[in-house]
Amino acid sequence: MKIAVFAGDGIGPEVTREAVRVLEALNIAGLELVYGDVGGAAYYKHGHPLPQVTLDIANDADAILFGAVGDYSCDHLERALRPEQAVLGLRKALSLFANLRPAKLMPGMEWASALRPEVAREIDLLIVRELVGDVYFGEKGIRTLEDGRRQGWDLMSYAEDEVRRIAHVAFKAAQGRGKKLCSVDKANVLETSQLWRDVVIEVSADYPDVELTHMYVDNAAMQLVKGPGQFDVVVTGNLFGDILSDQASMCVGSIGLLASASLGTRQTQYGTVGLYEPIHGSAPDIAGQNKANPMATILSAAMLLRHSLGLEAQAARIEAAVEKALVDGIKGGDLGGTATTTQVGDAVLARL
Ligand SMILES: NC(=O)C1=CN([C@@H]2O[C@H](COP(=O)(O)OP(=O)(O)OC[C@H]3O[C@@H](n4cnc5c(N)ncnc54)[C@H](O)[C@@H]3O)[C@@H](O)[C@H]2O)C=CC1
Ligand SMILES: CC(C)CC(=O)C(=O)O
Ligand SMILES: [Mg+2]
């Protein structure tokens, strides 16, 4: 069992280190960790934020644990590390089209939510975000118009097979949960969304046991804070899913708590090959200060064990340890506490 570890930039190495400590503490027989460079470190060492040597490590692994990439504190570097070159490039190269972002209020965590306690208590949803299409991957550029004005443009598009395959993932996820699927789009304005909606409706014929609804993304953003309990599984495109999941994190308590799995179709003898990362970015504003909450990355490691290595019991152990640490009042700065990244990692390890 081989896990590639790509820590990346900013707080990436800090939070990934804690997740690795947790994985190592489980003493999983035959588990091998292979480290690779991505982002700034890779750019300086290899001249590219996602060099071939890193892709080779990724392709050879059963799963990837990923920190974050990007550094807006240095304009030159931020441009060199353009997401489509690094993290988006990796997702695309491995065809990891299905991004699962669960958001559930942990027991006793109402105080941390940006919502009223009685509303916060309702949250238990799964965002299924399409990850390798949409406007993030369309043709783009900045051009000069005939009258001399500059114009930036990004093409939003989805082909029907791209919608169909993510819809199947979402319907199957709904079958395993509350049997409700809400497809979020902007079909009143966007042709891309109209096709999205048509295809999701076509796919729904295969899942008569799942109740399908549709919602425009602006309303969905509002409903997510008004009544999150109405959502079970949400399926949406790359851009909308990116935004809604950051919003969902504050309903749960902090962006430092939300994990993700990015899956494709490649299977190994252990499970589905995937990439696992916190939903947050490299947080340059707190990087290098031992302040970042590593729980999202630790919980991503749990998802890795579950989906890619078939180790459900160990995954559940990690999740229980994180929950126990929170119940016991271990809080990083993102939750209004003072625990450092290392202390949060220690606390989780102590409760494994
Ligand atoms: N998957 C990836 O590699 C991603 C990379 N990025 C990149 O990350 C860089 C920063 O982007 P931002 O928009 O600032 O988003 P961000 O998610 O890195 O940070 C947003 C805010 O949340 C805080 N935060 C994030 N994670 C935290 C944690 N674990 N503990 C405590 N506080 C945390 C940060 O301090 C910041 O105030 C950019 O270069 C961006 O392109 C952004 C999102 C995802
Ligand atoms: C580079 C970004 C699109 C990554 C991001 O914000 C995300 O996947 O949540
Ligand atoms: Mg994001």
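Residues numbered from 1 in each chain as written. Chains lettered and ligands numbered in written order. Predicted model: local features only at pLDDT ≥ 70, side-chain atom pairs only at ≥ 80, totals over all residues. Heavy atoms only, no water.

Asker: Before we move on, could you go through the pattern of salt bridges and cite the residues and values that matter?
Answerer: Inspection of the entire model under this criterion finds 21 salt bridges. A salt bridge links glutamate 202 to arginine 164; the shortest N-O distance between them is 3.7 Å. Linking glutamate 202 in helix α8 (residues 191-204) with arginine 164 in helix α7 (residues 160-175), this pair joins segments that are 38 residues apart in sequence. In this structure, arginine 197 engages aspartate 185 in a salt bridge whose closest nitrogen and oxygen atoms are separated by 2.9 Å. In this pair, arginine 197 is assigned in helix α8 and aspartate 185 in strand β8 (residues 180-185), connecting sequence segments 12 residues apart. Arginine 197 sits in the buried class, given a relative accessible area of 16%. (Salt bridge = Lys/Arg side-chain N within 4 Å of Asp/Glu carboxyl O. Helix = DSSP H or I, 4+ residues; strand = E, 2+ residues; numbered from the N terminus. Buried < 20%, exposed > 50% of the residue type's maximum accessible area, 1.4 Å probe, protein only.)

Asker: Provide a residue-level description of the site of ligand 1, including the pertinent values.
Answerer: Ligand 1 sits among 23 residues. The nearest are Val69, Glu277, Gly281, Ala283 and Asp285. The separation between an oxygen atom of ligand 1 and a polar main-chain atom of serine 282 is 3.0 Å. Interatomic distance of 2.8 Å between a backbone N/O atom of alanine 283 and an oxygen atom of ligand 1. The fraction of the free accessible surface of ligand 1 (800 Å²) that becomes covered by protein chains is 73%. The set of elements that each furnish at least two residues to the shell around ligand 1 consists of β3 (63-68) and α5 (87-93). (Near = heavy atom within 4 Å. Polar contact = N/O pair within 3.5 Å; in protein donor to acceptor, adjacent residues only side chain to side chain. Areas by Shrake-Rupley, 256 points an atom, 1.4 Å probe, with all protein chains shown as cover.)

Asker: Account for the pairing of strand β6 (residues 140-144), naming residues and giving values.
Answerer: On a regular strand, each side chain points to the face opposite its neighbour's, so the side chains alternate between the two faces of the sheet. As paired elements, β6 and strand β7 (residues 150-154) share five bridges and run antiparallel to each other. Within β7, the position partnered with lysine 140 by the bridge is aspartate 154. (Pairing = 2+ DSSP bridges.)

Asker: Break down the nonpolar core for me, with residues and values.
Answerer: Among the nonpolar cores identified, the biggest contains 87 residues, and Leu305 and Val322 are the most heavily contacted of them. In terms of residue count, helix α11 (residues 295-307) provides more of this core than any other element does, eight residues in total. Inspection of this core shows a minimum of three residues originating in each of domain 1 (1-102 + 259-352) and domain 2 (114-251). Setting aside anything within four residues of it in sequence, one finds leucine 305 in contact with Leu23, Leu26, Ile28, Gly310, Leu311, Gln314, Ala315 and Ile318. (Core = buried A, V, L, I, M, F, W, Y, C linked by side-chain atoms within 4.5 Å. Domains from an automatic or database assignment. Contact = heavy atoms within 4.5 Å.)

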